[in-house]
Amino acid sequence: MTYITKPKLRHPGLPKNNLGFTHRDYEGSISTLCAGCGHDSISASLIQACFELDIEPHRVAKLSGIGCSSKTPDYLLGNSHGFNSVHGRMPSVLTGANLANRDLIYMGISGDGDSASIGLGQFAHCVRRGVNMVYICENNGVYGLTKGQFSATADKGSKSKTAVNSDSPIDLVSLALILGATFVARSFSGDKKQLIPLLKAAITHRGSAVIDVVSPCVQFNNNPASTKSYDFVREHNEAVNRLDFIEPRAQITVDYEPGTVEIVTQHDGSQLKLSKLHGSYDARDRVAAMTYLQEHHAKGEVVTGLLYLDPEPEDLHAHLNTIATPLNTLGEKELCPGAKKLADVNESYR
Amino acid sequence: MSSALAEEPGLKGPAHPTGMKPTDVSNPDYFHKVVDCQWACPAHTPVPEYIRLIAAGRYSDAYMINWESNVFPGVLGRTCDRPCEPACRRGRVEAEPVAICRLKRVAADNKDDIRDRLPVASHHKNGKRIALIGAGPASLTVARDLLPLGYTVVIYDQDKLAGGMMRTQIPKFRLPETVLDEECNYILDLQPELKFGQRIDSMKALAGENYDAIFVGCGAPRGRDLEIPGRMEAVANIHIGIDWLSSVSFGHIEKIGKRVIVLGGGNTAMDCCRTSRRLGGEKVDVVVRSGFEEMKASPWEKDDAMGEGIPIHNNLVPKEFKHDGGKLKGVVFEKVKAQRDAKGRRELVPTGEPDVLMECDDVLVAVGQENAFPWIERDVGIEFDRWDMPKVDTVTMQSTNPKIFFGGDSAFGPKNIIWAVAHGHEAAISIDLLCSGKDVKADRPPPLVNLMSQKMGIHEWSYDNDISNDLRYKVPHTPKEIALKNVKIEVELGFDPKAGFLEAQRCLNCDIETVFETKLCIECDACVDICPMDCITFTENGDEEDLRTRLTAPAPNPTQDLYLSEILKTGRVMVKDEDMCLHCGLCAERCPTGAWDMKKFYLEPAQAESCRSL
């Protein structure tokens, strides 16, 4: 942590987005995490993604639970809505908020403890319901706030400074695939080139988007024999594709060799250009993705990239057939339509 | 696709053998250049170091750092041309630079009696005799550097007091006599032999007097004249600016007419017009050939003149002095405009509009100064160039006669006090080397350089790294009604200690350098994320031109270096654009491995031998 606040002075030549903001306008308060924490890079990537997407900060709600990861919403988007919930309970608060006001962009920012241990049930149901959100798990494999015990995502055999993990890991990406998430990706805090486009695609995705970001804990889990260290992830990173996010309205003009690039058009007109890095990997095949993940995990590799995408997702509001107007803006007249209306409804069931 | 693959997650890419070389920080010039103010200062005064001392209230210590480096802190704190300020990084990251010059004055004004910290005259004379011609800033610097070493120094000056142009040409309302006397006396206390009131009329005669070396520091004593019709006839009311200022300084002139025209756009013109306002000039006008922006006067001097109700008229070329039987009536000007000729040079061409007559009682001509060496015989071994200036080495200050040195305005034409001091130091080194039988070029001593970590604790530094958001503070002035009544009342009052502290806090501590150790870096990006100015980028290496286009924030200023690491584990390099760095140390605070450290770079230019051990 740092004792001074980040200086207000900024580079006079910083680019501005269509709203006239620089990326610094998307910052929050200064991080109190340990120096070198991967989470800070994820915060910086989210800041950059929102800046590049021209998102108005007041259109964003960031929600979190408890843990190092769950502190990070404070370090970005200082002008957005935020809710720091009980440990592992962020998904239900997010689901409720989303039901009440479907117009906001929801970011659930969690960690491996918050999501895979105490909050695993909440995580599962939130994804299963298809809540329109970006669910980010800042995954370092340890409980940093309690001095580095292995978490539920630590790989079997991974070593910390003092112990070897003997439990099987929970792979949140595989879980998300099984649970029906319509956007599933994994990335690495040390690779912003990969992470930022993934975040942009996830933010614009209208469904349940889950990104597992391996984020080394420099303090407790960055030793050479850890599978969540900077060096290990860099050496074992198997990226299946490279994603370019293309704004709605922008034209794709370059021709590509057939079979190497796939263009996916999203709901809002934005396009995702997927450059294949691994032969025949098809990001639209959920079952193949699960198989691929298992095979490569067995080889000790960390599979990253956009692993699964449903270009025609349905979210919770579609399932419930709610109206387009956010529920929290409905007045008494709409919510209490009167005795006559009630009688009509009752009559319809007779 | 292959290129896409090469970029891809970038993490296993091959090392790039081409591109920029890693920065060699062992070359003192690299970090020196980052300290923009010190690099720009001709005397290379360690500016941030003394500014921190001012902030700490250690005025005497701050003064001594200045005194050792620039000899006249009190004088310069009021009159310096301050090349440091346009260079100041604060001016690039915010609206205005730190008021470095006026902070120097804070140290001078608030110091204790520092006489016990000054060198004393040497009791062990080394038998070498040095003649200094002129008692201005250049000569006095030579005297200060050589006297403690045991040299016998003889100073000649046509005036009866030391100071040279600092005394004769800078009006007292800008530089009180007490300040000048104090700092001249620190040197005169070292007991040079004074031959004041004595003009040197023959270099040959002086050279025959058995001196081991002669230093010429007599300034650029001749004011340029204006040979236009009416000049001869109206001579009684047309004065050469620097001579007139000198006469005012010595009390020979106490009055001027009610309507005064000052011709010229340099600092001397500004001093002339402001002095006129104090000697009875009610309507004083400055008329300049060039446009306002092109004027040679420092912007703040123009502001001060205009603030005293003196209009500046531009693009007017004097054509004729109008007189009535020798009684000056006014000046006729031709209207011109600036345009570029075929070669892109700026030239003034008449607009064709009718000429302008401006009426006046007196004219002051301040259109430039020249060197004049009628007293140097052309056969004493000093070669002159085609502008009739002596050929002087820019490093050693030696002329083609190995025993004769030049400095200050005498060397390369009119500059300013701080340049004169810098010349003096170099000449003193050369004279010392010459008299010790060493080579004045090859044996020059290197500067003293130090680079030391400022880390005090996990997130604590020995300097205040919290960046002040304050804008530049204004120096308070004496109310105009009072200031214009007397030529001796100082206009600027200087910062009080509180304002001095706040202004000092604006300094970005550029001498606390960001130093990067490649082998410690784990490429976690923490420094990139925290940097408030987006100075740091990790990327593939390339040529400088190419790299400048690929950084986190634009780096369009080629005068500021890129700091490059060696090749990192992922094959990339760390590139830091020095241009906008605030030296806040956040990169080093957020670095988990200490790959970044904040180290204080301290450089003291060499001086003649034992002056260093003051």
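These numbers come from a predicted model, not from an experiment.

Rules used in this analysis
Residues numbered from 1 in each chain as written. Chains lettered and ligands numbered in written order. Predicted model: local features only at pLDDT ≥ 70, side-chain atom pairs only at ≥ 80, totals over all residues. Helix = DSSP H or I, 4+ residues; strand = E, 2+ residues; numbered from the N terminus. Rg over C-alpha atoms; globule rule 2.2 N^0.38 Å. Buried ≥ 20, exposed ≤ 12 C-beta atoms within 10 Å, placed from the backbone. Contact = placed C-beta atoms within 7 Å. Axes fitted to C-alpha atoms, helices over the stretch in contact; angles between N-to-C directions. Parallel < 35°, antiparallel > 145°, perpendicular 65-115°, else oblique. Left-handed = near helix turned anticlockwise from the far one by under 90°. Nonpolar A, V, L, I, M, F, W, Y, C, P; charged D, E, K, R; others polar. Pairing = 2+ DSSP bridges. Arc of directions from axis to C-beta. Domains from an automatic or database assignment. Core = buried A, V, L, I, M, F, W, Y, C linked by C-beta atoms within 7 Å. pLDDT = per-residue confidence, 0-100.

### Quick word on the overall build of chain B
Okay, step 1: The number of helices and strands found in chain B is 23 helices and 24 strands.
Okay, step 2: A globule of 614 residues ought to have a C-alpha radius of gyration of about 25 Å, and chain B, at 27 Å, matches this closely.
Okay, step 3: A buried classification covers 49% of the 614 residues belonging to chain B.

### A short note on the overall build of chain A
Okay, step 1: A count of helices and strands for chain A gives twelve helices and 13 strands.
Okay, step 2: In terms of C-alpha radius of gyration, chain A reaches 21 Å, essentially the compact-globule figure of 20 Å for 350 residues.
Okay, step 3: By principal-axis analysis of the C-alpha atoms, chain A measures approximately 70 × 55 × 50 Å.
Okay, step 4: Classification of the 350 residues of chain A by burial places 49% in the buried group.
Okay, step 5: For chain A, contacts bridging at least 24 residues in sequence account for 71% of all contacts bridging at least 6.

### Focus on the packing of helix 4 (residues 47–55) of chain B against helix 20 (residues 497–504) of chain B
All names here are of chain B.
Okay, step 1: With their axes 8 Å apart at the nearest point, helix 4 and helix 20 run at an angle of 135° to one another. Here helix 20 runs oblique to helix 4, going by the angle between their axes. Crossing hand, helix 4 versus helix 20: left-handed. Residues Ile51, Ile54 and Ala55 of helix 4 form the contact with helix 20, whose own contacting residues are Gly500, Phe501 and Ala504.
Okay, step 2: Among the residues forming the contact of helix 4 with helix 20, the class breakdown is five nonpolar, one polar and no charged.

### Examining the sheet that holds strand 4 (residues 213–216) of chain B
All names here are of chain B.
Okay, step 1: Pairing in this open sheet of five strands is parallel, and the strands run 3-2-1-4-16 from one edge to the other. On the outer flanks of this sheet lie strand 3 (193–196) and strand 16 (404–406), each paired with one strand and no other. The sheet shows a mean angle of 20° between the axes of neighbouring strands, taken without regard to direction.
Okay, step 2: Where strand 1 (residues 129–133) and strand 2 (residues 152–157) come together, five bridges link them in parallel fashion. Bridged to isoleucine 133 within strand 2 is tyrosine 156.

### A closer look at helix 5 (residues 120–128) of chain A
Residues and elements named next belong to chain A.
Okay, step 1: For helix 5, every residue scored as buried is listed here: Gln122, Phe123, Cys126 and Val127. The buried residues of helix 5 occupy an angular sector of 125° when the element is viewed end-on, so they sit on one face.
Okay, step 2: In this fold, the buried residues of helix 5 make contact with helix 3 (90–100), helix 4 (112–117), strand 4 (133–139), helix 6 (172–179) and strand 8 (208–214).
Okay, step 3: A positive phi of about 75° marks glycine 130, the residue just after helix 5.

### Quick word on unusual backbone geometry
All names here are of chain B.
Okay, step 1: One non-glycine residue, aspartate 388, lies in the positive phi region at around 65°.
Okay, step 2: Inspection of the secondary structure assignment puts aspartate 388 in the loop between strand 15 (369–370) and strand 16.
Okay, step 3: Aspartate 388 sits in the exposed class, given 11 other C-beta atoms within 10 Å.

### Some details on the domain arrangement of chain B
Okay, step 1: Looking at chain B, the domain boundaries give domain 1 (2–29 + 509–604), domain 2 (35–116 + 471–504), domain 3 (118–221 + 371–435) and domain 4 (223–368).
Okay, step 2: A straight line from the C-alpha centre of domain 1 of chain B to that of domain 3 of chain B covers 46 Å.

### With respect to the pairing of strand 10 (residues 316–324) of chain B
Residue and element names in this part refer to chain B.
Okay, step 1: Across eight bridges, strand 10 lies against strand 11 (residues 327–340) in antiparallel orientation. Bridge assignment links valine 317 to a residue of strand 11, and that residue is glutamate 334.
Okay, step 2: Hairpin connection from strand 10 to strand 11: two residues lie between these consecutive antiparallel strands, with glycine 325 at a positive phi of about 60°.

### A closer look at the sheet that holds strand 17 (residues 448–453) of chain B
Residues and elements named next belong to chain B.
Okay, step 1: Read from one edge of the open sheet, three strands run 17-24-20, paired in antiparallel fashion. Two strands bound the open sheet, and with one partner strand each, they are strand 17 and strand 20 (512–516). Each neighbouring strand pair of the sheet contributes to a mean axis angle of 35°, computed without reference to strand direction.

### Brief notes about the interface of chain A and chain B
Okay, step 1: Each side of the interface is counted separately: chain A has 34 residues, and chain B has 34 residues.
Okay, step 2: Those elements that provide at least two residues to the side of chain A that touches chain B are helix 1 (38–52), helix 7 (192–204), helix 8 (230–236) and strand 9 (237–239) of chain A.
Okay, step 3: Here the side of chain A that touches chain B is composed, by residue class, of 13 nonpolar, eleven polar and ten charged.

### Some thoughts on the packing of helix 6 of chain A against helix 9 (residues 286–298) of chain A
A packed helix pair is summarised by two numbers, namely the angle formed by the two axes and the spacing between the axes.
All names here are of chain A.
Okay, step 1: For the pair helix 6 and helix 9, interaxial distance at closest approach is 10 Å and the crossing angle is 160°. What the angle tells us is that helix 6 and helix 9 run roughly antiparallel. Of the two possible hands of crossing, helix 6 and helix 9 adopt the one that is left-handed. The residues of helix 9 that touch helix 6, namely those facing Val173, Ser174 and Leu177, are Arg286, Ala289, Met290 and Leu293.
Okay, step 2: By residue class, the composition of the contact of helix 6 with helix 9 is five nonpolar, one polar and one charged.

### What about the environment of Asp315(A)?
Residues and elements named next belong to chain A.
Okay, step 1: Of note, aspartate 315 is situated in the loop between strand 13 (302–309) and helix 10 (316–320).
Okay, step 2: Residue classification places aspartate 315 among the partly exposed residues on the basis of 19 C-beta atoms within 10 Å.
Okay, step 3: Residues aspartate 315 and alanine 181, 134 residues apart in the sequence, show an inter-C-alpha distance of 9.8 Å.
Okay, step 4: Residues contacting aspartate 315, with those up to four places away along its chain left out, are Gly130, Val131, Asn132, Arg206 and Gly207.

### Focus: helix 20 of chain B
Residue and element names in this part refer to chain B.
Okay, step 1: Those residues of helix 20 not exposed but buried are Gly500, Glu503 and Ala504. Taken down its axis, helix 20 places every buried residue within 100° of arc, on the same side.
Okay, step 2: Contacts from the buried residues of helix 20 go to helix 4 and helix 9 (100–110).

### Let's talk about the nonpolar core
Okay, step 1: Ranked by internal contacts, the top residues of the largest apolar core, which has 217 residues, are Leu307(A), Ile54(B), Leu146(B) and Phe215(B).
Okay, step 2: Per element, the largest residue contribution to this core is 13 residues, and it comes from helix 18 (residues 417–435) of chain B.
Okay, step 3: The residues contacting Ile54(B), other than those within four sequence positions of it, are Tyr59(B), Ala62(B), Leu103(B), Val106(B), Ala107(B), Gly500(B) and Ala504(B).

### Overview of the pairing of strand 8 of chain A
Residues and elements named next belong to chain A.
Okay, step 1: With seven of seven residues buried, strand 8 is to be regarded as a mostly interior element.
Okay, step 2: Of the two faces of strand 8, the one lined by Ser208, Val210, Asp212 and Val214 and the one lined by Ala209, Ile211 and Val213 are each fully buried.
Okay, step 3: Note that strand 4 and strand 8 share seven bridges and pair parallel. Within the sheet, the bridge partner assigned to methionine 133 lies in strand 8 and is serine 208.

### Topic: the environment of Ala152(A)
Residue and element names in this part refer to chain A.
Okay, step 1: Relative to the helices and strands, alanine 152 is located in the loop between strand 6 (149–150) and helix 6.
Okay, step 2: The exposure class of alanine 152 is partly exposed, given the 18 C-beta atoms found within 10 Å.
Okay, step 3: Spatially, the C-alpha atom of alanine 152 lies 5.7 Å from that of proline 169, the residues being 17 residues apart in sequence.
Okay, step 4: Contact partners of alanine 152, with chain neighbours within four places excluded, come to Asp112, Ala116, Ser117 and Ile170.

### Some thoughts on the confidence of the model for chain B
Residues and elements named next belong to chain B.
Okay, step 1: Chain-level statistics for chain B give a pLDDT mean of 93 and a share of 96% at 70 or above.
Okay, step 2: The secondary structure element of chain B with the lowest average pLDDT is helix 1 (residues 2–7), at 39, and the one with the highest is helix 4, at 98.
Okay, step 3: A low-confidence stretch, residues 1–16 (pLDDT under 50), is modelled with 28 contacts involving residues beyond four sequence positions or located in other chains.
Okay, step 4: Per the prediction output, this complex has pTM 0.89; the corresponding ipTM is 0.91.

### Remarks on the environment of Val264(A)
Residue and element names in this part refer to chain A.
Okay, step 1: Residue placement: valine 264 occurs in strand 11 (residues 261–265).
Okay, step 2: Of the residues examined, valine 264 has 17 C-beta atoms within 10 Å and is grouped as partly exposed.
Okay, step 3: Distance in space between the C-alpha atoms of valine 264 and isoleucine 246 is 10.0 Å, their sequence separation being 18 residues.
Okay, step 4: Not counting the four nearest positions on each side in its chain, valine 264 is found in contact with Gln271, Leu272, Leu274, Leu309 and Pro311.

### Quick look at the confidence of the model for chain A
Okay, step 1: On average, residues of chain A carry a pLDDT of 92, and 97% of them reach 70 or more.
Okay, step 2: Predicted confidence in chain A is weakest over strand 11 of chain A, with a mean pLDDT of 83, and strongest over strand 1 (residues 60–64) of chain A, with 98.

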